[in-house]
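In case you want the letters, here they are:
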Amino acid sequence: MAAHPGETGFESEPETRGDGRCKQPAEPGSEEERLPVEPGLETGTAAAQVYLCGSTPLLWRAADVRGARERAGVVGTLIGSLARQPRQNLRLGRPAQLLPEEARLLRDTGRAVLVTAAPPEAEDGVRAEEVERYRERLQHSFLEQKKIALEDRKQVLQRVMNQKQKDGGAAGAELPLRDRLSSLESSFTFPEAATAVQLCTARARLGYEPEERLLMAADWPQPRDERTEARYRVYRDLRRRGYYVTPAGKFGGDYLVYPGDPLRFHAHFIAVCLPPEAETPLSDLLALSRLGSNVKKTVLLCSPGESGGVVYTSLQWSGMV
């Protein structure tokens with residue numbers, strides 16, 4: 001194993017943009033390094049709306065998912081099922097689940113807002129009214145569908161009865177059908193379990209109905225420990241350098257680091273975020289370096305520095321001595 005303090009590949013190799021061009025990274029703390037707010041936001045471009053399910057940030061609207069990726073380089077992970085292919089998990093759709101660091105970066109750069117929640121003292125009353133209105137809509141829909149189903153049944157019986165009369169069968173063969181048709185109003189049943197419920201797939205309805213926005217609203221997630229703050233500072237620094245970042249749970253790290261859009265590039269680095277002065281067992285370092293060698297990626301140990309920057313140390317497995 002060979003450890004190279006301060007060597008990250010950022011300075012020894014030119015950085016590749018998503019469009020294939022290369023540039024040298026900016027110096028830490030410089031004006032160029034700062035992640036600017038998209039100019040369109042100052043001219044009236046709507047910020048993305050982030051909803052929280054528990055502590056998980058979600059983007060529901062297609063425009064927000066596309067804007068976060070194109071303007072801020074925030075990739076996210078699609079976790080929803082497709083309307084036309086709901087019973088498979090190879091291709092997923094909205095919502096897009098964000099890392100807490102991605103959501104916080106969008107907020108810090110002014111590209112996203114959290115939907116305002118109802119005041120705690122008014123929340124119970126608001127929810128009760130919403131539930132009551134929802135039940136009224138369901139009951140109205142049930143009655144309409146029952147009426148339509150009854151008319152369909154009448155048309156079927158009338159069509160069969162007319163067909164028997166047209167075929168010239170035995171006299172009185174249509175009388176049982178006529179009796180059923182006349183008593184259908186009182187005998188027809190339509191269970192509530194058979195009611196069709198509308199699922200909005202053409203657009204994210206949560207982004208348009210105020211009462212439904214409140215159901216997903218919550219407080220914005222904030223760092224609660226030193227490791228969480230370290231993860232965010234590392235994520236922000238990598239994005240400032242122009243790299244794309246996705247979760248790396250199955251690779252044993254915190255982030256996978258791409259030189260461009262993950263749809264066009266393979267990851268070059270596995271980033272492991274460590275708080276300053278944190279002690280790491282040698283066995284963990286050996287395991288990480290061997291893992292990086294097996295998947296052909298460089299392991300980066302990333303720790304926030306005192307001046308606001310991030311210190312990177314690369315690990316490469318070179319065999320046993």
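Before reading on, note that the structure itself is shown above.
Residues numbered from 1 in each chain as written. Predicted model: local features only at pLDDT ≥ 70, side-chain atom pairs only at ≥ 80, totals over all residues. Heavy atoms only, no water.

## Focus: the environment of leucine 59
Working step 1: Structurally, leucine 59 can be placed in strand S5 (residues 56-59).
Working step 2: Placed 19 residues apart in sequence, leucine 59 and leucine 78 show a C-alpha to C-alpha distance of 9.2 Å. (Helix = DSSP H or I, 4+ residues; strand = E, 2+ residues; numbered from the N terminus.)

## Focus: the nonpolar core
Working step 1: Judged by nonpolar contacts, the single largest core of 29 residues is most densely connected at Leu59, Val74, Leu106, Val234, Tyr255 and Cys302.
Working step 2: Of all the secondary structure elements, the ones that give two or more residues to this core are strand S4 (48-53), helix H2 (62-72), helix H3 (100-108), helix H8 (226-240), strand S10 (255-258), strand S11 (269-273), strand S12 (298-304) and strand S13 (310-316).
Working step 3: Looking at which element gives the most residues to this core, the answer is H8, with four residues.
Working step 4: Setting aside its immediate chain neighbours within four residues, valine 74 contacts Ala68, Arg69, Leu98, Glu102, Leu106 and Tyr235.
Working step 5: Core analysis: the second largest hydrophobic core is formed by ten residues, Phe142, Leu157, Met161 and Leu181 among them. (Core = buried A, V, L, I, M, F, W, Y, C linked by side-chain atoms within 4.5 Å. Buried < 20%, exposed > 50% of the residue type's maximum accessible area, 1.4 Å probe, protein only. Contact = heavy atoms within 4.5 Å.)

## What about the pattern of salt bridges?
Working step 1: Scanning the entire structure with this criterion turns up ten salt bridges.
Working step 2: Between arginine 104 and aspartate 108 there is a salt bridge; the shortest N-O distance is 3.9 Å. Here aspartate 108 and arginine 104 lie together in helix H3, a separation of four residues that amounts to about one turn.
Working step 3: The class of arginine 104 is buried, set by a relative accessible area of 14%.
Working step 4: The salt bridge partner of arginine 104 is glutamate 229, with a shortest N-O separation of 3.0 Å. Taken together, the positions of arginine 104 in helix H3 and glutamate 229 in helix H8 put the pair 125 residues apart, joining distant regions of the chain.
Working step 5: Residues joined in a network through salt bridges with shared partners are Glu101, Arg227, Arg231 and Asp254. (Salt bridge = Lys/Arg side-chain N within 4 Å of Asp/Glu carboxyl O.)

## Notes on a nonpolar patch on the surface
Working step 1: A surface patch of nonpolar side chains, amounting to about 260 Å² of accessible area, comprises Tyr134, Leu138 and Val197.
Working step 2: Its place among the elements puts valine 197 in the loop between helix H6 (184-187) and helix H7 (210-216). (Patch = residues over 30% accessible without salt bridge, like charges linked within 9 Å, V, L, I, M, F, W, Y side chains within 5 Å. Areas by Shrake-Rupley, 256 points an atom, 1.4 Å probe, with all protein chains shown as cover.)

## Let's talk about the packing of aromatic side chains
Working step 1: One pass over the full model with this rule turns up three aromatic pairs.
Working step 2: For the pair tyrosine 243 and phenylalanine 269, a centre-to-centre distance of 6.3 Å together with 70 degrees between the ring planes defines the contact as edge-to-face. You can see tyrosine 243 sitting in the loop between H8 and strand S9 (244-247) and its partner phenylalanine 269 sitting in strand S11, a full 26 residues away along the chain.
Working step 3: On the basis of relative accessible area, phenylalanine 269 is assigned to the buried category, the value being 5%. (Phe/Tyr/Trp six-rings, centres within 6.5 Å; stacked < 30°, edge-to-face > 60°.)

## Focus on H2
Working step 1: For H2, the full list of buried residues reads Asp64, Val65, Gly67, Ala68 and Ala72.
Working step 2: Where the residues of H2 are buried, they touch S4, S5, strand S7 (93-97), H3 and H8.
Working step 3: Taken from the residues just after H2, glycine 73 is the one with a positive phi, measuring 70 degrees.

## What about the side chain of threonine 246?
Working step 1: Structurally, threonine 246 can be placed in strand S9.
Working step 2: Look at threonine 246 and you get buried, because its relative accessible area is 12%.
Working step 3: When near neighbours in sequence (up to four residues on either side) are disregarded, threonine 246 contacts Val75, Asp254, Tyr255, Leu256, Tyr258 and Pro262.

## Focus: the sheet that holds S7
Working step 1: Ordered by their spatial adjacency, five strands build an open sheet running S6-S7-S5-S4-S8, and the pairing between neighbours is mixed. Both edges of this open sheet fall to strand S6 (77-80) and strand S8 (112-114), since each of them pairs with a single strand only. Going from strand to strand, the sheet's axes swing by 45 degrees on average, the running direction of each strand aside.
Working step 2: Taken together, the two bridges between S5 and S7 define a ladder with antiparallel strand orientation. Bridge pairing links leucine 58 to glutamine 97 in S7. (Pairing = 2+ DSSP bridges. Axes fitted to C-alpha atoms, helices over the stretch in contact; angles between N-to-C directions.)

## Things to note about the state of the cysteines
Working step 1: One pass over the structure, following the stated rule, counts zero disulfides.
Working step 2: With no disulfide of its own, cysteine 273 has cysteine 302 as its nearest cysteine by sulfur position, at a separation of 5.3 Å.
Working step 3: Here cysteine 273 falls in the buried class, since its relative accessible area comes to 0%. (Disulfide = S-S within 2.5 Å.)

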